[in-house]
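# Chains, contacts and geometry: an overview
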Protein chains: 2
Amino acid sequence: MIGHTLSVDEIKNKKKMINMADENTVFIGSKETMNYVQAVMMQFSSGSDEVVIKARGRAISKAVDVAEITRQRFIEEAEITDIITETEKLDNDEGGTTNVSSIEITLSK
Amino acid sequence: MIGHTLSVDEIKNKKKMINMADENTVFIGSKETMNYVQAVMMQFSSGSDEVVIKARGRAISKAVDVAEITRQRFIEEAEITDIITETEKLDNDEGGTTNVSSIEITLSK
């Protein structure tokens, strides 16, 4: 479709999709912890040597659980090689920004 | 009071107090986030160059918030110099053990 201009929302959605599909990355949301452990294991079994587990806000605790369960129970050769925390500024409904903490845990084998 | 024998509860309380007072350590519990930010800042202002923020389970997200708020908003020269995660085995009420993730974040200035 030549000449089609993306709306701001379409661009946001595309960026979101690209982020979610980031190779070797598992983004932690509201599903059960074991779903994400499975996703991490699938990344490893599809040939990755490194999987990055990302989470924001309350999901940070779950991200640590996912990393710990994966390496303690399933992939014993996996190690946590890096943990980074950041503060992200998200737009809120009132038109301002809200600070939210985020974490990136790198598991390598 | 010579010869006073401590009861089991008194000993437990003393141990708890010693743990809580662990030099340079702030243990994250169920209080408001800003209480712990204040505790970290007090450690720094009392002369520590390094403060360790510890948390278990769901409090892990709050520990990251405490570290991020402290360094972004209050003590700009502070940096996160180490983050360790572990799996701890805690005794549960049914006489077995429960695995719980824990985190230790080291803030240095």
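Our next topic: the side chain of Thr106 of chain A. All names here are of chain A. Relative to the elements of secondary structure, Thr106 occurs in strand E4 (residues 97–108). A relative accessible area of 12% means that Thr106 is categorised as buried. For Thr106, the contacting residues outside a window of four places in its chain are Glu50, Val51, Val52, Glu79, Ile80, Thr81 and Asp82.

The relation between the two chain copies is a rotation about an axis coupled with a shift along that axis. Overlaying chain A with chain B gives an RMSD of 1.1 Å, the required rotation being 178° about an axis along which the chain moves by 0.1 Å. The transformation relating the two chain copies, once decomposed into turn and shift, fits a two-fold axis. The rotation axis passes nearest to the C-alpha of Ser61 of chain A in chain A, at a distance of 2.6 Å. With an isologous cut-off of 70% or more, the 100% of interface residues of chain A that recur at the interface of chain B puts this contact in the isologous class.

Bringing the environment of Val100 of chain B into the picture now. Residue and element names in this part refer to chain B. Here Val100 shows up in strand E4 (residues 97–108). Residues Val100 and Phe27, 73 residues apart in the sequence, show an inter-C-alpha distance of 15 Å. Beyond its immediate chain neighbours, meaning those up to four positions away, Val100 contacts Arg56, Gly57, Glu86, Thr87, Glu88 and Leu90.

Attention shifts here to the sheet that holds strand E2 (residues 50–56) of chain A. Taken together, four strands build an open sheet; the order of strands is E1-E2-E4-E3 (chain A) and the sheet is mixed. Only two strands of the sheet have a single neighbouring strand rather than two, namely strand E1 (25–27) and strand E3 (79–91) of chain A. Here the average twist between neighbouring strands, direction ignored, is 20°. Pairing analysis gives seven bridges linking E2 of chain A to E4 of chain A, with the strands arranged antiparallel. When the sheet's bridge partners are listed, Glu50 of chain A is paired in E4 of chain A with Ser108 of chain A. In the packing of helix H3 (residues 59–74) of chain B onto the sheet, contacts are made with E3 and E4 of chain A, and the angle to E3 of chain A comes to roughly 65°.

It is worth spelling out the interface of chain A and chain B at this point. Between chain A and chain B, the contact holds 18 residues from the first and 18 residues from the second. Taken together, both faces of the contact between chain A and chain B bury some 1300 Å²; the carbon and sulfur share is 53%. It is Ser61, Ile83 and Thr85 of chain A that lose the most area in chain A upon contact with chain B, and together they represent 36% of the buried surface on that side. Between chain A and chain B we count zero salt bridges in total. Applying the counting criterion to the chain A and chain B interface returns 13 residue pairs in polar contact (both at pLDDT 80 or more). It is helix H3 (residues 59–74) of chain A that contributes the most residues to the side of chain A that touches chain B, eight residues altogether. Looking at the side of chain A that touches chain B, its residues break down into six nonpolar, seven polar and five charged.

Reading guide: rules and limits
Residues numbered from 1 in each chain as written. Chains lettered and ligands numbered in written order. Predicted model: local features only at pLDDT ≥ 70, side-chain atom pairs only at ≥ 80, totals over all residues. Heavy atoms only, no water. Helix = DSSP H or I, 4+ residues; strand = E, 2+ residues; numbered from the N terminus. Buried < 20%, exposed > 50% of the residue type's maximum accessible area, 1.4 Å probe, protein only. Contact = heavy atoms within 4.5 Å. Least-squares fit on C-alpha atoms with pLDDT ≥ 70 in both. Pairing = 2+ DSSP bridges. Axes fitted to C-alpha atoms, helices over the stretch in contact; angles between N-to-C directions. Buried area = accessible area lost by both parts, 1.4 Å probe. Salt bridge = Lys/Arg side-chain N within 4 Å of Asp/Glu carboxyl O. Polar contact = N/O pair within 3.5 Å; in protein donor to acceptor, adjacent residues only side chain to side chain. Nonpolar A, V, L, I, M, F, W, Y, C, P; charged D, E, K, R; others polar.

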